[in-house]
Amino acid sequence: MSPNTCWLCKIFRAEENGISSKVSLEEVLQWSQSFEKLITSKYGPMIYKAYLKTEHSDENIEFWLACEAYKKITSQRKRISVARKLFTSYIQPQAPNEINIDSPARKAIIRNIREPTQSCFDEAQRIIYMHMERDSYPRFLESKFYQKLKHSLQTNGNNSMVN
């Protein structure tokens, strides 16, 4: 597949700053088995994020992935800094990438943001995961975006390079 004509390649170059990826048909087919398989696969989150950009809801996957990284922070100083960034980017009312969470979850984060723990975003992350699993994931599987990727890999063989 020519890099000049591949629709997904253009998205990767534009959205992922030139990251090249090798996506196998096996991986792509596994994504349809469960949202968990999509979100935990090697290239699934990146491709799902590109799809969510077309729906103008990529803040959900960005927040979810940021929470996964946040949980791995061991330094309290770094945790405080990152927690504030997550709060100002995704949680506070009118945030630039505000996510759709309920008031109790938002209030709990506001209460805990002064002394953030490793788990202070867990409830918001769980809510966003459920939104994606129930809403955008089924649309992703039915989308031309996913169907074209699957078809191109089926047509060009299992070892097609997408870059």
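Residues numbered from 1 in each chain as written. Predicted model: local features only at pLDDT ≥ 70, side-chain atom pairs only at ≥ 80, totals over all residues. Heavy atoms only, no water.

Student: Give a detailed account of the overall build of the protein chain, specifying residues and quantitative values.
Tutor: Of regular secondary structure, the protein chain possesses nine helices and zero strands. Ordered by position in the sequence, the α and β elements of the protein chain form the string α-α-α-α-α-α-α-α-α. Across the protein chain, the fraction of contacts at a sequence separation of at least 24, relative to all contacts at a separation of at least 6, is 63%. In the structure as shown, the protein chain presents an accessible area of about 9100 Å², 49% of it carried by carbon and sulfur atoms. (Helix = DSSP H or I, 4+ residues; strand = E, 2+ residues; numbered from the N terminus. Contact = heavy atoms within 4.5 Å. Areas by Shrake-Rupley, 256 points an atom, 1.4 Å probe, with all protein chains shown as cover.)

Student: Provide a residue-level description of the confidence of the model for the protein chain, including the pertinent values.
Tutor: Chain-level pLDDT for the protein chain is 86 on average; 83% of the residues reach the 70-or-more range. The model gives residues 1-5 a pLDDT under 50, and that stretch makes seven contacts with residues more than four places away or in other chains. Segment residues 12-20: pLDDT under 50, and 16 contacts once partners within four positions in sequence are set aside and those in other chains are kept. (pLDDT = per-residue confidence, 0-100.)

Student: Can you explain the packing of helix α8 (residues 122-142) against helix α9 (residues 144-156)? Please cite residues and give values.
Tutor: In contact at an axis separation of 5 Å, α8 and α9 are set at 45° when each is read in the N-to-C sense. In terms of their interaxial angle, α8 and α9 are classed as oblique. Every residue of α9 that contacts α8 at F140, L141 and E142 is listed here: K144, F145, Y146 and Q147. In terms of residue class, the contact of α8 with α9 is made up of four nonpolar, one polar and two charged. (Axes fitted to C-alpha atoms, helices over the stretch in contact; angles between N-to-C directions. Parallel < 35°, antiparallel > 145°, perpendicular 65-115°, else oblique. Nonpolar A, V, L, I, M, F, W, Y, C, P; charged D, E, K, R; others polar.)

Student: Explain the packing of aromatic side chains to me, using residue names and the numbers behind them.
Tutor: Following the criterion strictly, the structure yields 14 aromatic pairs and no others. Judged by centre distance (4.9 Å) and plane angle (65°), the rings of F35 and Y129 are edge-to-face. Here Y129 lies in helix α8 and F35 lies in helix α3 (residues 35-40), a separation of 94 residues in the sequence. Across this residue pair, the class does not change: F35 and Y129 are buried. Here a set of aromatic residues connected by ring pairs shows up, and it is made of W31, F35, Y48, Y51, W64, Y129, Y137, F140, F145 and Y146. (Phe/Tyr/Trp six-rings, centres within 6.5 Å; stacked < 30°, edge-to-face > 60°. Buried < 20%, exposed > 50% of the residue type's maximum accessible area, 1.4 Å probe, protein only.)

Student: So what's going on with the environment of S57? Residues and values would help.
Tutor: Topologically, S57 is positioned in the loop between α4 (44-54) and α5 (59-71). Relative accessible area serves as the criterion here: at 12%, S57 is assigned to the buried category. In sequence terms S57 and M132 are 75 residues apart; their C-alpha atoms lie 9.5 Å from each other.

Student: Account for the state of the cysteines, naming residues and giving values.
Tutor: Overall, the coordinates contain zero disulfides when judged by the stated rule. Here C67 is not cross-linked by a disulfide; its sulfur's nearest cysteine counterpart is in C120, at 8.3 Å. The buried category is assigned to C120, whose relative accessible area is 10%. (Disulfide = S-S within 2.5 Å.)

Student: Which residues make up α8, and what are the values?
Tutor: Each α-helix winds once per 3.6 residues, and so residues spaced three or four apart point in a common direction. With 21 residues, α8 ought to run about 30 Å at 1.5 Å a step, and its terminal C-alpha atoms sit 29 Å apart, in line with that. Every buried residue of α8 is listed here: A124, Q125, I127, I128, Y129, M132, S136, Y137, F140 and L141. Buried residues belonging to α8 abut α3, α4, α5, α6 (76-91), α7 (103-112) and α9. (Expected span 1.5 Å × (residues − 1).)

Student: An account of the pattern of salt bridges is needed here, citing residue identities and associated values.
Tutor: Under the defined criterion, the tally for this structure stands at seven salt bridges. The closest approach of N and O atoms between K71 and D122, which form a salt bridge, is 3.9 Å. Here K71, found in helix α5, pairs with D122, found in helix α8; they are 51 residues apart in sequence, far enough to count as distant. Overall, the relative accessible area of 27% leaves K71 in the partly exposed class. (Salt bridge = Lys/Arg side-chain N within 4 Å of Asp/Glu carboxyl O.)

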